[in-house]
Amino acid sequence: MLIQKHIKISDILGWATDFLTGYNISSPSLDAQVLLSYVLGINRMDLYLNLRQIMTEDESRRYENLIKKRAKRIPVAYLIGEKEFMGLSFLVNEDVLIPRPETEILVELILNRIGKLNEKRYVIIDLGTGSGNIAVSLAKFIENADIYAIDISKAALNTAGKNAQRQEVGHKINFIQGNMFESLNQFNIKDRADFVISNPPYIKTDILKSLQPEIGFEPRIALDGGKDGLDFYERIISGAYFYLKENGYLALEIADGQVLMIKEMVDKFNGFFDIEIVKDYAGIDRIIIAKKSSDLEMEKGRWRRL
Ligand code: GLN
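Predicted, not measured: the structure shown is a model, and the values here were computed from it.

Taken across its 7 residues, strand 4 (residues 145–151) has 6 buried, putting it largely inside the fold. As judged from the 6 bridges shared by strand 3 (residues 122–127) and strand 4, these two strands associate in the parallel manner. Within strand 4, the position partnered with Leu-127 by the bridge is Ile-150. One crossover worth recording links strand 3 to the parallel strand 4 by way of helix 7 (residues 133–141), and it is right-handed. Judged from the 5 bridges that link them, strand 4 and strand 5 (residues 173–177) form a sheet pairing that is parallel.

Structure follows, in structure tokens:
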């Protein structure tokens, strides 16, 4: 054990912050606090009210283990098994991507669009649901929703299902294992969806290795978007056209630098209008949202509006 047996909260926090700083962790003090709150089962505010309290030997041992794991770059969310998204607490583990704050913008855009429409039952498709963060938060905030949450990973769906139960919205979500739209055939929702949403894997394969080491603990299939990071978009755009009703929305999260290419894909498909790009908190174009136009027919190898 690196730390002494009977140690005060203030001292152990100091030790942990220094230790993590030594390993170049980007937010050592915050991580030290979050992990200590987790071990002690109290919130961060209470840490400050109890700075002089002595930890038990068991508590300090468990804490030291977590700090050492964090020094090995395991993300805090995996260490505590939880991540907040849209003000809700989601269970996470190494089978699912850790929900990111940017993705909240995607969810908020959908909620805003719904705010403008009449109250009715919304049919929503979430491709690559992962922890279920998008599907579950939409289910939580939309009164009447039929959500189809798809993922290729059984393990991810298992976690997403638990999150739906935890938020008591399981009855609004169908969890489906499959590759993109392929397993949706069994449901009668062609031309019926109000929203098709996805935060697909969009990182270029080459770049994956050079990102912060924490990313290496997340499932590769949730991140790897192929050579140019665009592997999934074409399929999502054409599938969305098939499932959306007229004026239904396609809403996608995109990577830094991809906006022009993806906008062009949507434009070229010629089945969407009102294309809008929304930036994230860092000013990066992060979401593309578009409306399905009326029916198309194929003419001389190109889609044309009827
Ligand atoms: N839908 C999940 C999220 O937004 C998972 C996305 C993914 O695995 N690419 O976090």
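So, on to the site of the ligand. Taken together, the neighbourhood of the ligand is formed by Leu-97, Thr-103, Gly-128, Thr-129, Gly-130, Asn-133, Ile-134, Asn-199, Pro-200, Pro-201 and Ala-222. One of the backbone nitrogen or oxygen atoms of Gly-128 is found 3.0 Å away from a nitrogen atom of the ligand. For the ligand, an oxygen atom lies 2.8 Å from a polar atom in the side chain of Asn-199. Burial of the ligand by the protein chains amounts to 96% of its free accessible area of 290 Å². In terms of residue class, the shell around the ligand is built from 5 nonpolar, 6 polar and no charged.

An ideal rise of 1.5 Å per residue puts 20 Å on 14 residues; helix 1 (residues 9–22) measures up with 20 Å between its terminal C-alpha atoms. Listed as buried for helix 1 are Ile-9, Ile-12, Leu-13, Trp-15, Ala-16, Thr-17, Phe-19 and Leu-20. Contacts from the buried residues of helix 1 go to helix 2 (28–40), helix 3 (44–49) and helix 4 (57–71). One or two residues past the end of helix 1 sits Asn-24, with phi positive at roughly 60 degrees.

Another aspect to go through is the nonpolar core. If you look at the biggest cluster of nonpolar residues, it comprises 39 residues, and the most contacted ones within it are Ile-125, Leu-184, Val-196, Leu-250 and Phe-272. Residue assignment for this core shows that the elements contributing at least two residues are strand 3, strand 4, strand 6 (193–198), helix 10 (233–243), strand 7 (244–253), helix 11 (259–269) and strand 9 (285–292). Residue contributions to this core peak at 6 residues, all from helix 10. Counting 31 residues, the second-largest nonpolar core is a separate cluster that includes Ile-110, Ala-135, Ala-139 and Ile-287.

At a closest axis distance of 10 Å, the pairing of helix 2 and helix 4 adopts a crossing angle of 140 degrees. Of the two possible hands of crossing, helix 2 and helix 4 adopt the one that is right-handed. From helix 2, Asp-31, Ala-32, Gln-33, Leu-35, Leu-36, Tyr-38, Val-39 and Leu-40 reach across to helix 4, where they touch Glu-59, Arg-62, Tyr-63, Leu-66, Ile-67 and Arg-70. Counted by class, the contact of helix 2 with helix 4 contains 9 nonpolar, 1 polar and 4 charged residues.

The geometry of helix 10 relative to helix 11 is characterised by a closest axis approach of 10 Å and an angle of 35 degrees between their N-to-C directions. Here helix 10 and helix 11 pass one another in a crossing that is right-handed. Across from Tyr-233, Glu-234, Ile-237, Ser-238 and Tyr-241 in helix 10, the residues of helix 11 making contact are Ile-262, Met-265, Val-266 and Phe-269. The residue inventory of the contact of helix 10 with helix 11, partitioned by class, reads 7 nonpolar, 1 polar and 1 charged.

Counted residue by residue, helix 7 has 7 buried out of 9 residues, so it is predominantly covered. Residues of helix 7 that are buried include every one of Asn-133, Ile-134, Ala-135, Val-136, Ser-137, Leu-138 and Ala-139, and no others.

Reading the values: rules and limits
Residues numbered from 1 in each chain as written. Predicted model: local features only at pLDDT ≥ 70, side-chain atom pairs only at ≥ 80, totals over all residues. Heavy atoms only, no water. Buried < 20%, exposed > 50% of the residue type's maximum accessible area, 1.4 Å probe, protein only. Helix = DSSP H or I, 4+ residues; strand = E, 2+ residues; numbered from the N terminus. Pairing = 2+ DSSP bridges. Right-handed = clockwise from strand over helix to strand, strands pointing away. Near = heavy atom within 4 Å. Polar contact = N/O pair within 3.5 Å; in protein donor to acceptor, adjacent residues only side chain to side chain. Areas by Shrake-Rupley, 256 points an atom, 1.4 Å probe, with all protein chains shown as cover. Nonpolar A, V, L, I, M, F, W, Y, C, P; charged D, E, K, R; others polar. Expected span 1.5 Å × (residues − 1). Contact = heavy atoms within 4.5 Å. Core = buried A, V, L, I, M, F, W, Y, C linked by side-chain atoms within 4.5 Å. Axes fitted to C-alpha atoms, helices over the stretch in contact; angles between N-to-C directions. Left-handed = near helix turned anticlockwise from the far one by under 90°.

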